[in-house]
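# Residue-level structure breakdown
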Amino acid sequence: MTPGTGMKHEMVVVGALETNCYLVYCEETRDCAVIDPGAEPEKIVSTIADLELKPVVVLNTHGHVDHIGANIDIVQKYRVPLGIHAADTGMLQVSDYIELSLLLGAKNSPPPDRLLAEGDEIAVGRKSLRVIHIPGHTPGSVGFVHGGVLFSGDTLFCGGVGRTDLPGGSWKDLERSIRDRILSLPEETIVLPGHGPHTTVEQERSSNPFLT
Ligand SMILES: [Fe+2]
């Protein structure tokens, strides 16, 4: 996170599809949001313990199985609420995608306690994350913004964009979300995607081959 914002994050790469799970925390209280616990809950739990964090919420950037497969482990262990956009709640039953779920070791998610919507502020200690609705990769894809940082899920990657060929995907929506909602953020904004390395708004605006 940007120095001085009072929030920090730690990335934990989990599962066969190398999903970036992020622990986003308030430096003052150590309260933390767990974004996209997709697999390998023991790895996430041990990082939480190492950093002496206190989970207060689980958040999903979207409902794909590699992002939600360990929701249940984190929700049950820390007894915290789960938030996801209403349009992606139908994806939380991974038994609907049985082969991929077995491959990834994903489990059915509990139902959400909170439906995320554009403009919501999610409290994390004395700080908060702002929700932006960025459909396209899935209808319920969201990003989380705080202090010069965007957690972009699978909408925008370093040098790439999210696929739109899966059920509910839309290239038209994805392009509009990226151009109108993400590239309009300050150019120094750091983008932390759901897979792969981080980037910035400026870098993607000038060199992303899908957008130039
Ligand atoms: Fe995805």
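Below is a short write-up of the structure. Remember, predicted model here, so these are calculated numbers, not experimental data. (Residues numbered from 1 in each chain as written. Predicted model: local features only at pLDDT ≥ 70, side-chain atom pairs only at ≥ 80, totals over all residues. Heavy atoms only, no water.)

## A closer look at the overall build of the protein
Secondary structure assignment for the protein yields six helices and 14 strands. Each of the three principal axes of the protein carries a C-alpha extent, and together these read 45 × 45 × 25 Å. Every one of the 212 residues in the protein was classed for burial, and the buried ones make up 52%. Carbon and sulfur atoms provide 53% of the accessible area of the protein, an area that totals close to 9,100 Å². The average position of the 17 basic charges and that of the 28 acidic charges among the side chains of the protein differ by 5 Å. (Helix = DSSP H or I, 4+ residues; strand = E, 2+ residues; numbered from the N terminus. Buried < 20%, exposed > 50% of the residue type's maximum accessible area, 1.4 Å probe, protein only. Areas by Shrake-Rupley, 256 points an atom, 1.4 Å probe, with all protein chains shown as cover. Lys, Arg positive; Asp, Glu negative; His and termini not counted. Charge placed at Lys NZ, Arg CZ, Asp CG, Glu CD.)

## Describing the sheet that holds strand β8 (residues 127–133)
Overall, mixed pairing links the six strands, which are arranged β7-β8-β9-β10-β13-β14 in an open sheet. Edge positions in the sheet fall to β7 (121–124) and β14 (199–200), since each has one partner strand and no second. Pairing of β8 with strand β9 (residues 142–146), which is carried by four bridges, proceeds in the antiparallel orientation. Looking at the pairing, V131 lines up with F144 of β9. (Pairing = 2+ DSSP bridges.)

## Some details on helix α1 (residues 41–50)
All buried positions along α1 are accounted for by P41, I44, V45, T47 and I48. Across the axial projection of α1, the buried residues extend over an arc of 160 degrees, all falling on one side. Exposed positions of α1 whose direction lies more than 90 degrees from the buried face are E42, A49 and D50. Where the residues of α1 are buried, they touch β1 (7–14), β2 (19–26), β3 (31–35), β4 (54–59) and α3 (71–78). Directly after α1, the chain includes E52, whose backbone phi takes a positive value near 55 degrees. (Arc of directions from axis to C-beta. Contact = heavy atoms within 4.5 Å.)

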